[in-house]
Amino acid sequence: MDIKVTTLEGKDAGKVSLSDTVFGLEPRDDILQRMVRWQLARKQQGTHKTKGRSEISRTGAKMYRQKGTGRARHSSARAPQFRGGGKAHGPVVRDHSIGLPKKVRALALRHALSVKAKADEIIVIDDLAAKEAKTKTLSGSLEKLGVSNALFIGGAELDNNFALAARNIPNVDVLPVQGINVYDILRRSKLVLSKSAVEALEERFK
């Protein structure tokens, strides 16, 4: 699959051939759904917690005598039904992550790339580099390219000026090629790859 290469200024910079084994698969929604669910589950911190009755700092003495008061029998003031008592069945610190085989995760990334390629939503830029870290300048260049909602994938190391300029543009994410992931690809309308990113991805899936 051949796709034209442009510069950030919108000028023609030749063509690049995309591998069918990486960008030409027939997308499977079930694999993409499993991968997105795996990613979002791993993002959950799981640090939300309430105190149970055993963790409440209150007296352990019996509230009042067992018999003769005409009231219900109670022992500890830490019980959930009392104000200041522990929370019954509250959330506890836990790990939300789920399992997914490494081969399925790798396959899901190729399917996500194929989704964008099939929808003609991949743009290849010769080099994601900016002369100065100016958001206004970069916004103008993206407007000429017709890009308003996109994930930019650079090489192993991002150009610092480009990363700084893109940081304040809404609906634009910038990642090095090693940080590419299914969730970020699917949540943005366009996928913008540098030539070095294309080469690194094809090398990764050889």
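Refer to the preceding data block for the structure.
So, a few notes on the structure that sits alongside this text. Not measured: the values here are computed from a predicted model.

This next bit is on the overall build of the protein. For the protein, the count of helices and strands is 7 helices and 6 strands. When its helices and strands are written in sequence order, the protein yields β-β-α-α-α-β-α-β-α-β-α-β-α. Taking 17 Å as the expected radius of gyration for a compact globule of 206 residues, we find that the protein reaches 27 Å, considerably beyond that expectation. On the principal axes, the C-alpha backbone points of the protein span a range of 95 × 40 × 25 Å. Within the protein, the fraction of its 206 residues that count as buried is 36%. Looking at the protein, you have 38 positive and 22 negative side-chain charges, and the mean spots of the two groups are 21 Å apart.

With that settled, the discussion passes to the sheet that holds strand β2 (residues 12-17). Spatially, the 6 strands line up as an open sheet ordered β2-β1-β3-β6-β4-β5, and their pairing is mixed. Edge strands, defined here as strands with exactly one partner in the open sheet, are β2 and β5 (172-175). With direction set aside, neighbouring strand axes in the sheet form an average angle of 30°. Bridge count between strand β1 (residues 2-6) and strand β3 (residues 122-125): 2 bridges; the pairing is parallel. In the strand pairing of β3, Val 5 is matched with Val 124. Against the sheet, helix α7 (residues 195-204) makes contact with β1, β2, β3, β4 (150-153) and β6 (190-194), and its axis sits at roughly 90° relative to β6, the strand it touches most.

Moving on to the pairing of β5. Bridging between β4 and β5 involves 4 bridges; their strand directions are parallel. Of the residues in β5, the one forming a bridge with Phe 152 is Val 174. Taking the sense of rotation as the criterion, the β-α-β connection linking β4, helix α5 (residues 160-166) and β5 turns out right-handed.

Here we come to helix α4 (residues 135-145). Of all the residues in α4, the buried ones are Leu 138, Ser 141 and Leu 142. Around the axis of α4, the buried residues are gathered within 95° of arc, so they sit on the same side. Structural note: α4 exposes Lys 136, Glu 143 and Lys 144 on the side pointing more than 90 degrees away from its buried face. Here the buried face of α4 lies against β4, α5 and β5. Phi turns positive one or two residues past the end of α4, at Gly 146, with a value near 75°.

Quick notes on the rules
- Residues numbered from 1 in each chain as written.
- Predicted model: local features only at pLDDT ≥ 70, side-chain atom pairs only at ≥ 80, totals over all residues.
- Heavy atoms only, no water.
- Helix = DSSP H or I, 4+ residues; strand = E, 2+ residues; numbered from the N terminus.
- Rg over C-alpha atoms; globule rule 2.2 N^0.38 Å.
- Buried < 20%, exposed > 50% of the residue type's maximum accessible area, 1.4 Å probe, protein only.
- Lys, Arg positive; Asp, Glu negative; His and termini not counted.
- Charge placed at Lys NZ, Arg CZ, Asp CG, Glu CD.
- Pairing = 2+ DSSP bridges.
- Axes fitted to C-alpha atoms, helices over the stretch in contact; angles between N-to-C directions.
- Contact = heavy atoms within 4.5 Å.
- Right-handed = clockwise from strand over helix to strand, strands pointing away.
- Arc of directions from axis to C-beta.

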